[in-house]
Amino acid sequence: MAQTVLSAETGRRSSSDDGPALSGAPSETLLDFPDNRLLIDLCGGFDRNLAQVEHALGVQILRRGNVLAVHGEADAIDRAADALQALYRRLEQGRPVEPGDVDAALRFGAAPAPEPSKRGGPAPESQLEMFAGGRLEIRTRKKTVEPRTRTQRDYVKALFDNEMVFGIGPAGTGKTYLAVAVGVSMWLEGRVDRILLSRPAVEAGERLGFLPGDMKEKVDPYMQPLYDALNDLLPPGHVQKAIAEKKIEIAPLAFMRGRTLSNAFVVLDEAQNATEMQMKMFLTRLGEGGRMAITGDLTQVDLPRGVHSGLRQATRLLEGVKGVGLVRFAAEDVVRHPLVARIIEAYDREQGREQPYEQGRDRAPGRGGPDRDRDRDRGRARNAAFEAAEETAKREEDDAGPG
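The structure reproduced in this document is the subject of the present report. Going along each chain's sequence as written, the residues are numbered from 1 onward. Only residues with pLDDT of at least 70 are given local features in this predicted model, and only at 80 or more are side-chain atom pairs given and counted; all residues enter the totals for whole chains, interfaces and linings. The side-chain quantities take in all heavy atoms of the structure and omit both hydrogens and water.

1. Side note on the packing of aromatic side chains
For step 1, the next point in the chain: Stacked, tilted and edge-to-face are the three classes assigned to paired rings of Phe, Tyr and Trp, where Trp is represented by its six-membered ring and a pair needs centres within 6.5 Å; plane angles under 30 degrees give stacked, over 60 edge-to-face, the rest tilted. According to the stated counting rule, one finds 2 aromatic pairs in the structure shown.
For step 2, the next point in the chain: Judged by centre distance (4.8 Å) and plane angle (50°), the rings of phenylalanine 33 and tyrosine 88 are tilted. Remark: tyrosine 88 occurs in helix H3 (residues 74-92) and phenylalanine 33 occurs in the loop between strand E3 (26-32) and helix H1 (36-43); sequence separation between them is 55 residues.
For step 3, the next point in the chain: Given a relative accessible area of 1%, tyrosine 88 falls into the buried group.
For step 4, the next point in the chain: On the numbers, 5.2 Å between centres and 80° between planes, the contact of tyrosine 155 with phenylalanine 329 is edge-to-face. Residue tyrosine 155 is found in helix H6 (residues 150-161), and its partner phenylalanine 329 is found in the loop between strand E13 (324-328) and helix H12 (338-350); the two are separated by 174 residues along the sequence. This pair shows no difference in class: tyrosine 155 is buried, exactly as phenylalanine 329 is. Under the DSSP-based scheme used, a helix requires at least four consecutive residues in state H or I and a strand at least two consecutive residues in state E, with every element numbered from the N terminus. A simple rule labels every residue: compare its accessible area, found with a 1.4 Å probe on the protein chains alone, to the largest value its type can have, and call it buried under 20%, exposed over 50%, or partly exposed in between.

2. So, the pattern of salt bridges
For step 1, the next point in the chain: Every case where a carboxyl oxygen of Asp or Glu lies within 4 Å of a side-chain nitrogen of Lys or Arg is listed as a salt bridge. Applying the stated criterion to the full structure yields 14 salt bridges.
For step 2, the next point in the chain: Residues arginine 64 and glutamate 28 are paired through a salt bridge, measuring 3.5 Å at the closest nitrogen-oxygen approach. Placement of the pair is arginine 64 in strand E4 (residues 60-64) and glutamate 28 in strand E3, with a sequence separation of 36 residues.
For step 3, the next point in the chain: Close ionic contact of arginine 90 with glutamate 146 constitutes a salt bridge, the shortest N to O distance being 2.4 Å. Of this pair, arginine 90 sits in helix H3 while glutamate 146 sits in the loop between strand E7 (144-145) and H6; the two residues are 56 residues apart in sequence, bridging distant segments of the chain. A single burial state applies to arginine 90 and to glutamate 146, both of which are buried.
For step 4, the next point in the chain: Linked through salt bridges whose partners overlap, the residues forming this network are Arg90, Arg95, Asp101, Glu137 and Glu146.

Rendered as structure tokens:
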């Protein structure tokens, strides 16, 4: 069995006399970590971080003092070593290691160490400086958020680089959470004056009827996911204070007409449930100094049959337009839970779509081919019936005359 010794401090690798390992052959790599306190944090409570790496890559990791022995096939060992070294460097920088960070390290592999800031400090002073340093973070008052997949990284970079960004893909990929995090970060840095979060007030396949309470109490159930994201990024009490001061606003899409959203970071969540007319109305609210993030999943459209999603039309029309970014997520970008990714893949196989998000087409069941044509014809017939009824009522009023 081939053995490789790797120093986590220097990153140098040297092979033993057993000779080089063949690709796919069982082998062993020894990782030397000089700081035992950091090694304890690297392993995690009850070695949960090591177990996560073992489960993901199919390797076995044994601890021998300050050395971790990684057993398995050569390719898997290389990936495990890259991930463990990246996590150790993270601890050396004074940053914690959580299960999400382990998942990110496994997805990204080895990452370059961040370069010192031009200002002389150990870390960049602004979000944009982080792009050059190889590390991308979104800093808020409560926590620091980092992309966990390459698509998430492209998405966050697009949010900083473009005035308008579309994030399209399945549930659990972090589209809305990252958009809200970037908005909070820009607001805290003073790059925008306020944050506005919106989503269509559409039930997911159910009709709840009239809800009790005032307007806020009626729409709050639809907005709860946005409140959850804000409360996860800002300390307790700050969200309600900012809402009271109109620095943060959460409102249904229907309330956007007639507004000009200047110097604001605006997030439209569940945009697949906006009609074509609503989407055009929303996109044209963008004012000077404003930013927009539009997120949605074209396979989960809850609009009535015959009503087409404005998100699908907008992505088709605006892709490639200067100032507009478009990032598509896939099942491998799901970070919510590994089972969610497998569920999405199972549904995709059932519907006969190997890569459902690459072309951005709305392919929900009953939305394509003859079904789509039938829905369109029904919609046209319904509109014609409404117009005929209005004309009849108008004629009757004219015939009746005044009084």
